[in-house]
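Overview (structure and organization)
Each chain is listed here by its residues.
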Amino acid sequence: MIRARFYTDEYDYRPVEWPIKYPYWRSGETDKSNILIAYADSLDDIKRLWPEAYNIDCEEVDNIVFTSRFPKPDWYKEETK
């Protein structure tokens, strides 16, 4: 699994497919972009879900970390092992 930080030019920053497997958040914005944080199985999944994504920075992670800034979305159901 990866945790990715990236920019989108689009006004609507939601993924182009729904439902998705892992959570995402709008972390901020610039004059022309949204900044997103998203978990995914791969970089290809990020590119498929957000085709307009650019400046993608990602890292391999073992689990999803929720914080006060990135709380667990109501729609997200964690997989049981």
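Residues numbered from 1 in each chain as written. Predicted model: local features only at pLDDT ≥ 70, side-chain atom pairs only at ≥ 80, totals over all residues. Heavy atoms only, no water.

What about the overall build of the protein chain?
This is how it is decided: Strands are runs of DSSP state E lasting at least two residues, helices are runs of H or I lasting at least four, and both sets are numbered from the N terminus onward. With the radius of gyration taken over C-alpha atoms, the globule rule is written as 2.2 Å times the number of residues to the power 0.38. With residues, only the protein chains shown are counted as cover, and all accessible areas are computed by Shrake-Rupley using a 1.4 Å probe. Positive charges come from Lys and Arg alone, negative charges from Asp and Glu alone, with His and the N- and C-terminal ends not counted. The location of each charge is read from NZ of Lys, CZ of Arg, CG of Asp or CD of Glu.
Helix and strand content of the protein chain: one helix and four strands. Secondary structure elements of the protein chain, listed N to C terminal, follow the sequence β-β-β-α-β. Compactness check: the protein chain gives a C-alpha radius of gyration of 12 Å against a globular reference of 12 Å for 81 residues, within 12% of the reference. For the C-alpha atoms alone, the extent of the protein chain along its principal axes is close to 40 × 25 × 25 Å. Here the protein chain displays about 5,700 Å² of accessible surface, and carbon together with sulfur accounts for 45% of that area. When the 12 positive and 17 negative side-chain charges of the protein chain are each reduced to one mean point, those points stand 3 Å apart.

Details of the sheet that holds strand β3 (residues 34-40)
Going by this rule: Pairing between strands is defined by DSSP: at least two bridges between them are needed. Axis angles are defined between N-to-C directions and span 0 to 180 degrees, where every axis is a line fitted to C-alpha atoms and, for a helix, only to the segment in contact.
With respect to topology, four strands assemble into an open sheet ordered β2-β3-β1-β4, the strand pairing being antiparallel. Pairing within the sheet leaves two strands with one partner each, and these edge strands are β2 (24-29) and β4 (54-60). For this sheet, the mean angle separating the axes of adjacent strands, direction not counted, is 20°. Sheet analysis places β2 next to β3, joined by five bridges and oriented antiparallel. For Tyr 24, the partnering residue across the bridge sits in β3 and is Ala 38.

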